[in-house]
Amino acid sequence: MFEQFQTNLRILRDRKKLSIYKLSKEVDISKNCLRAMQYGFSEHKASQLIKLCDYFQIKDIREFLTKEIA
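Some words on unusual backbone geometry
Then, in step 1: Despite not being glycine, Lys-17 shows a phi value in the positive range, around 55 degrees.
Then, in step 2: If you trace the backbone, Lys-17 turns up in the loop between helix H1 (3-15) and helix H2 (20-27).
Then, in step 3: Its relative accessible area of 74% is what places Lys-17 among the exposed residues.
Then, in step 4: Of note in the backbone geometry, Gln-57 takes a positive phi value of approximately 55 degrees without being a glycine.

What about the packing of H2 against helix H4 (residues 46-56)?
Then, in step 1: In contact at an axis separation of 10 Å, H2 and H4 are set at 100 degrees when each is read in the N-to-C sense. With respect to H4, the element H2 is oriented roughly perpendicular. Contacts between H2 and H4 involve Leu-23, Glu-26 and Val-27 on the former and, on the latter, Lys-51, Leu-52, Tyr-55 and Phe-56.
Then, in step 2: Among the residues making up the contact of H2 with H4, the classes are represented as 5 nonpolar, no polar and 2 charged.

Points about the pattern of salt bridges
Then, in step 1: For the coordinates displayed, the defined rule picks out 4 salt bridges.
Then, in step 2: Across the salt bridge formed by Arg-10 and Asp-14, the nearest N and O atoms sit 3.7 Å from each other. Within this pair, Arg-10 and its partner Asp-14 are both found in helix H1, separated by 4 residues, close to a single helical turn.
Then, in step 3: When the shortest N-O distance is used, the salt bridge between Lys-22 and Glu-26 registers 3.2 Å. Of this pair, Lys-22 and Glu-26 both sit in helix H2, 4 residues apart, which is roughly one turn of the helix.
Then, in step 4: Residue classification places Lys-22 among the partly exposed residues on the basis of a relative accessible area of 40%.
Then, in step 5: Residue Glu-26 is classed as partly exposed on the basis of its relative accessible area, which comes to 41%.

Concerning the nonpolar core
For soluble globular proteins, nonpolar side chains are generally found buried alongside one another.
Then, in step 1: Ranked by internal contacts, the top residues of the largest apolar core, which has 19 residues, are Phe-5, Leu-23, Leu-34, Leu-52 and Phe-64.
Then, in step 2: If you list the elements that add at least two residues to this core, you get H1, H2, helix H3 (31-38), H4 and helix H5 (61-66).
Then, in step 3: In terms of residues, this core owes the most to one element, H4, which gives 4 residues.
Then, in step 4: Every residue in contact with Leu-52, bar those within four places of it in the chain, is listed here: Phe-5, Leu-9, Leu-23, Val-27, Ile-29, Leu-34, Met-37 and Phe-64.

Rules of the game
Residues numbered from 1 in each chain as written. Predicted model: local features only at pLDDT ≥ 70, side-chain atom pairs only at ≥ 80, totals over all residues. Heavy atoms only, no water. Helix = DSSP H or I, 4+ residues; strand = E, 2+ residues; numbered from the N terminus. Buried < 20%, exposed > 50% of the residue type's maximum accessible area, 1.4 Å probe, protein only. Axes fitted to C-alpha atoms, helices over the stretch in contact; angles between N-to-C directions. Parallel < 35°, antiparallel > 145°, perpendicular 65-115°, else oblique. Contact = heavy atoms within 4.5 Å. Nonpolar A, V, L, I, M, F, W, Y, C, P; charged D, E, K, R; others polar. Salt bridge = Lys/Arg side-chain N within 4 Å of Asp/Glu carboxyl O. Core = buried A, V, L, I, M, F, W, Y, C linked by side-chain atoms within 4.5 Å.

In structure tokens, the structure reads:
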């Protein structure tokens, strides 16, 4: 549904040189859940999206979900 989110999550992880495992520890979301989110295998919970937005300092969840992050 939110293909741009998947791309954005990968880009943001790459920029900070974070593995899914390391990011999962940083934001307190299981690595399996993050992997499923990044590859589009699961729906995104609002609480998880908020944690990711806070970590990556994204103010608008809609941007994370639908717009390319430059």
